Amino acid sequence: VPLLAAGQLSARDHRQQAERKAAAGDYTTAIIESVRAVAVDLEERGILPPRVGRTANEFAAEASRPLPDHAASLLVVARLFDDVRYGQNAGTAAGYQRVRDLDAAIQAARPVAPAGMAAAATTASGPVS
């Protein structure tokens, strides 16, 4: 099941939605929006090429290549996304904080750029759904 829908929001928009939902106590939606913010941020920064239909697990695996220091956290956050989005598990403040911490760490990280990544980013077709 795709992490992002066509016509996606910006990473900033997803972060703002997450903050609003967390402030209202809706940690399930806050977690979902925060994970989406991380994914969109990596696309906006050209670290990941946009890809229609990318799942949370695919996102974690793909993002782990240029961000190997965050691989374990990316996998945990992908599982958390699936658990709250599809597994009927309620989001928690701790889960939301975990995603926020990862988001901040990834924003500060310097990705390891494999050869050909720039070319892949410019030839990808369409937004992730």
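Residues numbered from 1 in each chain as written. Predicted model: local features only at pLDDT ≥ 70, side-chain atom pairs only at ≥ 80, totals over all residues. Heavy atoms only, no water.

1. Section: the packing of aromatic side chains
The test is simple: Here the aromatic set is Phe, Tyr and Trp, taking the six-membered ring for Trp, and pairing holds for ring centres within 6.5 Å; pairs whose planes are under 30 degrees apart are stacked, those over 60 apart are edge-to-face, and all others are tilted. In this text, helices come from DSSP runs of H or I with a minimum length of four residues, and strands from runs of E with a minimum of two, each type numbered from the N-terminal end. Per-residue accessibility, obtained with a 1.4 Å probe over protein chains only, is compared with the maximum for each type, and a residue is labelled buried under 20%, exposed over 50%, and partly exposed between these values.
Going through the model one piece at a time under the given rule, you end up with two aromatic pairs. On the numbers, 6.2 Å between centres and 45° between planes, the contact of Tyr27 with Tyr96 is tilted. One end of the pair, Tyr27, is in helix H2 (residues 27–44); the other, Tyr96, is in helix H5 (residues 93–108), and 69 residues separate them in sequence. On the basis of relative accessibility, which here comes to 8%, the residue Tyr96 falls in the buried class. Between Phe81 and Tyr86, the aromatic rings sit 6.2 Å apart at their centres with planes inclined by 70°, giving edge-to-face as the arrangement. Judged by its relative accessible area of 29%, Tyr86 is partly exposed.

2. Points about the pattern of salt bridges
What counts, and what does not: Any Lys or Arg side-chain nitrogen located within 4 Å of an Asp or Glu carboxyl oxygen qualifies as a salt bridge.
As enumerated under the stated definition, the model contains nine salt bridges in all. Asp41 is paired through a salt bridge with Arg15; the nearest N and O atoms lie 3.5 Å apart. Remark: Arg15 occurs in helix H1 (residues 11–23) and Asp41 occurs in helix H2; sequence separation between them is 26 residues. Taken as a pair, Asp41 and Arg15 share a single burial class, namely buried. Put simply, Arg100 and Glu19 hold a salt bridge, and the shortest N to O gap is 3.8 Å. Here Arg100, found in helix H5, pairs with Glu19, found in helix H1; they are 81 residues apart in sequence, far enough to count as distant. We classify Arg100 as partly exposed; its relative accessible area is 36%. Given the relative accessible area of 42%, Glu19 is considered partly exposed. The structure contains a network of salt bridges with shared partners spanning Glu43, Arg51, Arg54, Glu58 and Glu62.

3. Re the side chain of His70
This is how it is decided: The contact definition used throughout considers only heavy atoms, calling two residues in contact when any of these lie within 4.5 Å.
Along the chain, His70 turns up in the loop between helix H3 (56–64) and helix H4 (71–85). Discounting chain neighbours no more than four positions away, the residues touching His70 are Leu102, Ala105, Ile106 and Ala109.

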